[in-house]
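Listed below are the residues making up each chain.
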Amino acid sequence: MSETPPLAAQDPTFDGWEGLSWRERRARRLRRWIGALGVEFEHDSNKEAYRERIQLFIDVLRLLKPDRVPVLPLMGFYPARYGCVSPKEAMHDYEKLAAAQIAFYEQFQPDFQSQPVAPGTVFDRLGLEFVEWPGHGVSEHTPWQYVEAEYMKADEYDALIKDPSDYFRGTFLPRIGSAFAPLARLESFANMMEASTLPFNILPFADPSILEAVQRLADAAQETLRYLKATGAANVHAAARLGIPPLVAGTAKAPYDVLADTLRGTRGIATDRFHQPDKIIEAAERLTPLMVDWAVDQAAGTDAPVVMFALHKGADGFMTDAEFRKFYWPTLKAVMRGLINQGLVPLMSAEGSYDSRLEAIVDEEIPAESVIWLFDQTDMAAAKRALGGYACVAGNVPTSLLAGGSAEDAEDYVTRLLEQCAGDGGFMLMSGSVVDDAKPETLQAMIETGRTWKG
């Protein structure tokens, strides 16, 4: 039986939302999603395909066996490559990127939309230094990547904990982007509370460098709008003409990963675990409600219900199981619970291997049928044994197979995977990680094998 009553999409912020359980909130979000208000379908068949795909997702989320397995290879630069658009062009020529996205959807018809690659011109305008992108730090044909460094110093935990917003505005952002550098000279906005002193608090905005910074940010924002307009047209095409719904409403991070990825880096956080472990925990706890609010704010702009986490520094090899349970899992779990309580569905992309984490993530504080765990290099049979009957499992077709294997290789791998994980439902076929390169025939074999499997 479907979790979603007959269609009558409603705004989940209407009066009475506060009195609902997490399941009731989620049901209302799902009704809104499947209702597809504002989508002008070209044919009734597209509308039916749209709803059927959403129902596949609802079924596997609820650990049921759907009519068929839903299939979604996570796309990075591959749609651009398929459309003969270079990575550099994809990040700067949004019309070419959108045309490539449409060609990809037309040919492969995955069950859900993927997020397009980021706008490189915005990176240019902001003068970002903590990423390299095609034609800027790396070859025009190389996907973009982070430049890891200690952007937060070891003695700055207290400043972050005291006021994360002020810390990011005044310290972190000026270190990673030249457009933000002048903002470090602004006073805290918390000082602007009295009419008599307000004129003096805003004096820094008369500084020419501040005015230039504000203009650069405005230019970058306008560029982002151009990117969204172009890529949004591809998403509208996918929904209206092909019946392919959006899936991801936004992204979130494990609070520990904010520290270990974004701020302190791998070396810095490893040192901190020995020298100031309590500060890591305190900072992660301080960031937890901010992560929830960030994701909920993103979800307000779309009907899709999924918030995607890219989990990095909790994987096998980065820390022991005891450290995972101490530093990583408690605040990640708290963010997940916060989103679940708002009716959202966390999609946990466990990059690398999570073989040693399977016992920890089956946690009574996370309700059953509330989360999807996407595994990359984890033993899928073990994952299914651990999470079966508790959470939907997804994955884990290797990107190396899609890029270097044959169609027969993909068919064999996917068939074995489905036999291991999909027989009793609660499984979604996905690539283990983001696909930047693939052989068309191999990717097609993955999708078709999943779509036609009748185990």
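To be clear, the structure that these remarks concern was listed above.
What you see is a predicted model, and the numbers here were worked out from it, not measured in a lab.

1. Regarding the environment of S86
Assignment of secondary structure puts S86 in the loop between α3 (78–82) and α4 (87–92). On the accessibility criterion, S86 (14% relative accessible area) is buried. Sequence separation between S86 and H141 is 55 residues, and the spatial gap between their C-alpha atoms is 6.1 Å.

2. Some thoughts on helix α5 (residues 94–108)
Look at α5: 21 Å from first C-alpha to last across 15 residues, which is about the 21 Å you get at 1.5 Å a residue. When we look at burial in α5, the residues that qualify are Y94, L97, A98, A100, Q101, F104, Y105 and F108. Angular distribution of buried residues about the axis of α5 spans 160°; they occupy a single face of the element. Positive backbone phi, at 45°, marks Q109, one or two positions downstream of α5.

3. Concerning the side chain of R357
Mapping R357 onto the fold places it in the loop between β7 (345–350) and α15 (358–361). By relative accessible area, R357 is classed as buried at 1%. Dropping the residues within four chain positions of it, R357 is found in contact with G314, A315, D316, G317, M319, T320, D321 and F324.

4. Notes on helix α10 (residues 208–242)
Its 35 residues give α10 an end-to-end C-alpha distance of 50 Å, which sits within 8% of 51 Å, the value for a rise of 1.5 Å per residue. Two residues or fewer after α10 comes G243, characterised by a positive phi angle close to 70°.

5. Side note on the sheet that holds strand β6 (residues 306–311)
Read across the open sheet, the seven strands follow the order β1-β10-β9-β8-β7-β6-β5; overall the sheet is parallel. Each edge of the sheet is formed by a strand with only one pairing partner; in this case those strands are β1 (71–72) and β5 (248–252). Pairing analysis gives six bridges linking β6 to β7, with the strands arranged parallel. Among the inter-strand pairings, V306 is bridged to a residue of β7, identified as V345. Lying on the sheet, helix α13 (residues 277–299) is in contact with β5 and β6; it crosses β5 at an angle near 160°.

Reading the values: rules and limits
Residues numbered from 1 in each chain as written. Predicted model: local features only at pLDDT ≥ 70, side-chain atom pairs only at ≥ 80, totals over all residues. Heavy atoms only, no water. Helix = DSSP H or I, 4+ residues; strand = E, 2+ residues; numbered from the N terminus. Buried < 20%, exposed > 50% of the residue type's maximum accessible area, 1.4 Å probe, protein only. Expected span 1.5 Å × (residues − 1). Arc of directions from axis to C-beta. Contact = heavy atoms within 4.5 Å. Pairing = 2+ DSSP bridges. Axes fitted to C-alpha atoms, helices over the stretch in contact; angles between N-to-C directions.

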